[in-house]
Amino acid sequence: MGLVVLAASVLVAAPAGSRVRATSPFSVFAVDMAEEAGIAQVTETTSASVADFNEDGWPDFLLSRHGEATGQLFLNDRNGQFIEALPGTFARSDRHNCAAADVNTDGLLDAFCSTGGVNGLGVKANEMWMQEPGGGFRNIASSWGPLDPYGRGRHVTFVDVNHDPYPDLFVGNDFSRADGLPSPNRLFLNSESGFRYAPEYGVDEEAGTKCAQAADVDGDGWEDILVCGQMTGPQIYGNDDGSGFTERGRSMGLEQLDDLNDAKLADLNADGRPDLVEARSDALMVLLQMDRGFREVFATELTESATVAAGDVNADGLPDLYVTQGGTPNVPDLMLVNGGDGAGYASMEVPQATEGTGDSAYPLDFDRNGLMDFLVLNGAKKAGPIQLIAFFPGAERSESTQGPPMLAEGPAAAGTEPAARAAHPPAVPEAFGSQETLVQRWNGAAWSVVPSPNEGAGNNSLNGLTATPSGELWSVGRYMSGKARTLAEHWDGSAWSVVPSPSVGAGNNYLLETAARASDDVWAVGYATQGGVDLTLTERWDGAAWSVVPSPSAGTGHNSLNGVSALSSDDVWAVGRFAEATRAVTLAEHWDGSTWTVVPSPNVGRESNFLLDVGARSATDVWAVGSRRSSDIYRTLVLHWDGSQWAQIPSPNEGAGDNVLIAVSVLSSTQAWAVGY
């Protein structure tokens, strides 16, 4: 994981061509969270569409991978990770750019994707992916209309042309076809019966596109369209009150250019008017919108620009700029922090990709901490890594000695899935300062700290504690050494010591809970990240050493075991959750003395369910607790095993907010306790 820091300093407005030093209302630092978020891969890319596809209030994205690879829909699990949903749905195609909107006004977000024209020699069809109830997608372009068989599809945007309920569509095409057939940009008007090509609206030029964005540029209440023409540069098609479009960019002071790679509209100085950022081949230009049009106020040299994205990384209310650059080898990207008036910017270091070629960047606050992050693609025309450049508040520090920071509790983290705070260590950074193990003991009169060791130079934490019948203690957790590695500590009656425990692969490994049946029979459970996916992890102490015991993972997405309870050497339960399509569901696994198996467990409703702890009194009396999501609120979840099946047992909730049960203890057949918040 790469980590870079921005410290506070004074910033002044800068004239065109100048550079200034970094600033921020408070210090922020940048981390590449792609691997921890489950999206790390090296692949060829063309674009990503960021949107809340499952309407849970968290950003998801649809990744377009050019050529031989399928498209991928990644849903935010609200726990710092993304889960690929519906793998294989977005089949291989010459897919270039996608945009999301509720096309048929059914309350579900759909996606339109442009496709190329086989290098200008073939016939093709664009894709209209309509979301169906239950979360599936179906391509209905043939019946909904925007096929454009000869257009070499490139950049697209939905636009409200006429103030009706149906989002309209602008499709930008590469105008060059080897067979000479026309490939103009096209506007499609939407209605309840589908899309209709509308050349009479005046945007169907054979100018090509390197960008397309809808925004009300002139503040008249009608959405206009910004287009980066391949030979014309920036064009602003002004909306004539829903009856057509007129090109107004030249009259607003925009130059004709033949080296414009991208442009973005954003209000850079908080005056309520969209300003323009141009990524030219060798320079980045900022043009603020004044009373009589756009005026250049800032410029900086670029080596080989690709695209520009805007987002507020430091919570000062002003968009900052992320600039991707291409080239071979991959030229470093730029992160420019807005100085306060849109006319001055400071260069901030961010983690860089050296493989591939810079493609594009997309703003998304993936962890909802109030600081905008950027999804960065590096697969333009050849495979490169996907990055998730995430921003966190904090002062300069050494990654090697202090580890990553924790997702803040409180307003900035409001809505974070309770499992992230309860029993599943967040995949986002974990603490602003250094972490060391902490053990405390009650002696009958007072609590006191008992010294406990730490492993390595990075952060350490203990998550679970258990006692053997003979009075020995075991505690498990993780320590940081680049990635999280398993940590097991033992109390022999006089001192705590670290006992070596295995970690699986090179990814993160977490032990979350432990249960002891005897001095030579202790279990620990958690998860290990392999290939960007969290898989169940179970380990056993046999009196001499800890070893990994194979355990199944359900489905194809993330899995985690959060609680464990041991009745005997051949009767052990572990519980947690796994990803199923667009939600998390309960996971229960049983050890019969030789093998772990998944045992079916119920879920309540159609939204996420998860289990955080399990307590067993006998083979026919086992309780598991956790929470379930219901209309964006978490309610208690209690399951009971009677020896033959798991069943949901009704449990109360307090108030209208989140209710989560984190731990359970079973005393008798008529007395069990569960605690949480």
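Details of the structure are given in the entry above.
This write-up is about the structure you can find in this document. What you see is a predicted model, and the numbers here were worked out from it, not measured in a lab.

What counts and how
- Residues numbered from 1 in each chain as written.
- Predicted model: local features only at pLDDT ≥ 70, side-chain atom pairs only at ≥ 80, totals over all residues.
- Heavy atoms only, no water.
- Core = buried A, V, L, I, M, F, W, Y, C linked by side-chain atoms within 4.5 Å.
- Buried < 20%, exposed > 50% of the residue type's maximum accessible area, 1.4 Å probe, protein only.
- Helix = DSSP H or I, 4+ residues; strand = E, 2+ residues; numbered from the N terminus.
- Salt bridge = Lys/Arg side-chain N within 4 Å of Asp/Glu carboxyl O.
- Contact = heavy atoms within 4.5 Å.

Of all hydrophobic cores here, the largest spans 20 residues; its most connected members are Ile39, Phe61, Phe82, Phe366, Leu375 and Leu388. Looking at which element gives the most residues to this core, the answer is strand S30 (residues 384–393), with four residues. Grouped together as the second largest cluster of nonpolar side chains are 18 residues, Met252, Leu260, Leu265 and Met285 included.

Tallied over the entire structure, the rule returns 19 salt bridges. Across the salt bridge formed by Asp174 and Arg154, the nearest N and O atoms sit 3.8 Å from each other. Taken together, the residues Asp174 in strand S13 (residues 168–174) and Arg154 in strand S12 (residues 152–159) connect sequence positions 20 residues apart. We classify Arg154 as buried; its relative accessible area is 18%. Two residues, Arg273 and Asp271, come together in a salt bridge whose shortest N-O distance is 3.3 Å. Residue class for Arg273 comes out partly exposed when judged on its relative accessible area of 27%. Note on Asp271: relative accessible area 33%, which makes it partly exposed. One network of salt bridges, with partners in common, ties together Glu35, Glu36 and Lys483.

Here we take up the side chain of Asp320. On the secondary structure map, Asp320 appears in strand S25 (residues 320–325). Filtering out sequence-adjacent residues up to four positions away, Asp320 remains in contact with Ala309, Ala310, Gly311, Asp312, Val313, Asn314, Met335, Leu336, Val337 and Asn338.

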